[in-house]
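Letter by letter, the chains look like this.
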Amino acid sequence: MKILILRFSSIGDIVLTTPVIRCLKQQITGVEIHYCTKRQYQSLIVNNPYIDKCHYLDDSLPHLIGQLRRERYDIVIDLHNNLRTTLIKQALGKRAFTFDKINMRKWLYVRFKVNVMPSVHIVDRYMDTVKTLGVVNDNKGLDYFIPAEEHIPAHYLPYTYQSAFVAYAIGGQHATKRLPVERMIELCRKIARPIVLLGDEQDRESGETIRRALGDSLIYNTCGLLTLNQSASLVKQAHLVYSHDTGLMHIAAAFKKPIISIWGNTTPQLGMYPYKTSHLIIENTTVNCRPCSKIGHDRCPLGHHKCMNELSFTIDSHFTSNYIRSEYY
């Protein structure tokens, strides 16, 4: 049997599909698994041993469809369910299983704050897409594979960070999913332990602002300096991970890291909280405008960003003490 899995974006969503890949490969004898995503997310799938062949969407959907037609698949599993994946399924004309995005429920929740969302993680809903094939969730969590050449050795970090550190993924695709920089500084001051900041080049300036405010002994800013796999390597080595609702949070979950997850305009009830790992949720449940989007905004629609500006940083010390070793003290 030859199966094509479709999921075009983004980092976290692709990582969240990895249990489907693994379970298909391990539970269907002799199956050949192909995965198709956008070229920019190549590093997320190319090292996955459960994927036999990768395909990438560049600029031309017709060109991609031509490539996929030549593969002569038996089954297509659509875990994205958008216009492009619909066109691919129609062009291939093969038996297909499509993820239910429950858009009406999400619309009611976002627009009218009527929470009719199922109390089920999105991974389990992804797994429901393949249950007709007799594939079940093995409950082993998420996967993330780092090639040896992108592993970050401990000596890459300053000496005071090499024995133990906290990782903080300060990024987020949308501004309303991120703490304002001054609040990041406040949080880092409360953590009061060596912190490695993680993010892309767009987060570099924010990271530098935090470093200047708190000093090199507390903050090491890697934002914009590393590949995604290299950032994932540091996540894997961290003793505790702080993260906004972003892709590195799910990568941390793949490594079974303890996570303190910070939520702004989105909510865990949308089904994308840390999966199969110890975690704490920090969110402002006193505002009645959340969630204002299932994804995020470039700015708060109401102008106050209370979900982040008035967020309490009260953190259960028993949770953190379980994961922070004596080297910090």
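Residues numbered from 1 in each chain as written. Predicted model: local features only at pLDDT ≥ 70, side-chain atom pairs only at ≥ 80, totals over all residues. Heavy atoms only, no water.

The subject of this paragraph is the overall build of the protein chain. Within the protein chain, the secondary structure is distributed over 13 helices and 11 strands. The C-alpha radius of gyration computed for the protein chain amounts to 20 Å, which stays within 12% of the reference 20 Å derived for 329 residues, consistent with globular compactness. If you line up the protein chain on its principal axes, its C-alpha atoms span 60 × 50 × 35 Å. Sequence separation of 24 or more characterises 67% of the internal contacts of the protein chain that already satisfy a separation of 6 or more. (Helix = DSSP H or I, 4+ residues; strand = E, 2+ residues; numbered from the N terminus. Rg over C-alpha atoms; globule rule 2.2 N^0.38 Å. Contact = heavy atoms within 4.5 Å.)

Moving on, we get to the pattern of salt bridges. Using the criterion set out here, one finds 14 salt bridges in the structure. Here E71 ties to K53 by a salt bridge, and the two come within 2.6 Å at their closest N and O atoms. Placement of E71 in the loop between α4 (61-69) and β4 (75-78) and of K53 in strand β3 (residues 53-57) is noted, with a sequence separation of 18 residues between them. Residue class for E71 comes out buried when judged on its relative accessible area of 12%. Overall, K53 belongs to the partly exposed group, its relative accessible area being 38%. E208 serves as the salt-bridge partner of R204, at 3.6 Å between the closest nitrogen and oxygen. Of this pair, R204 and E208 are both found in helix α9 (residues 204-214), four residues apart, which corresponds to roughly one turn of the helix. (Salt bridge = Lys/Arg side-chain N within 4 Å of Asp/Glu carboxyl O. Buried < 20%, exposed > 50% of the residue type's maximum accessible area, 1.4 Å probe, protein only.)

With respect to topology, six strands assemble into an open sheet ordered β8-β7-β6-β9-β10-β11, the strand pairing being parallel. With partners counted over all chains shown, the strands left at the sheet margins are β8 (219-221) and β11 (279-282), one partner each. For this sheet the average axis-to-axis angle between neighbouring strands, irrespective of direction, equals 20 degrees. Here strand β6 (residues 166-169) pairs with strand β9 (residues 240-244) via four bridges, running parallel. (Pairing = 2+ DSSP bridges. Axes fitted to C-alpha atoms, helices over the stretch in contact; angles between N-to-C directions.)

Moving on, we come to the side chain of D245. In this structure, D245 sits in the loop between β9 and α11 (247-254). At 2.8 Å, the side chain of D245 and the side chain of T266 are in polar contact. With residues near it in sequence (within four places) discarded, D245 still touches K177, H250, I262, W263, T266 and M272. (Polar contact = N/O pair within 3.5 Å; in protein donor to acceptor, adjacent residues only side chain to side chain.)

As a further point, take the confidence of the model for the protein chain. Summary statistics for the protein chain give a mean pLDDT of 95 and a share of 96% for residues scoring 70 or more. Note that pLDDT drops below 50 for residues 325-329; the model gives that stretch 12 contacts with residues more than four away or on any other chain. (pLDDT = per-residue confidence, 0-100.)

Strand order across the open sheet formed by five strands is β3-β2-β1-β4-β5, with parallel pairing between neighbours. Both outer strands of the open sheet, β3 and β5 (95-98), are each paired with one neighbouring strand and no more. Geometrically, the sheet is characterised by an average inter-axis angle of 20 degrees between neighbouring strands, direction not taken into account. Two elements, strand β1 (residues 2-6) and strand β2 (residues 32-38), share five bridges in a ladder whose sense is parallel. Residue pairing for β2: L4 is matched across the bridge by H34. Sheet strands touched by helix α2 (residues 18-27): β1, β2 and β4. Its angle to β2, the strand with the most contacts, is close to 165 degrees. Relative to the sheet, α4 contacts β1, β2 and β3, its axis offset from that of β3 by approximately 160 degrees.

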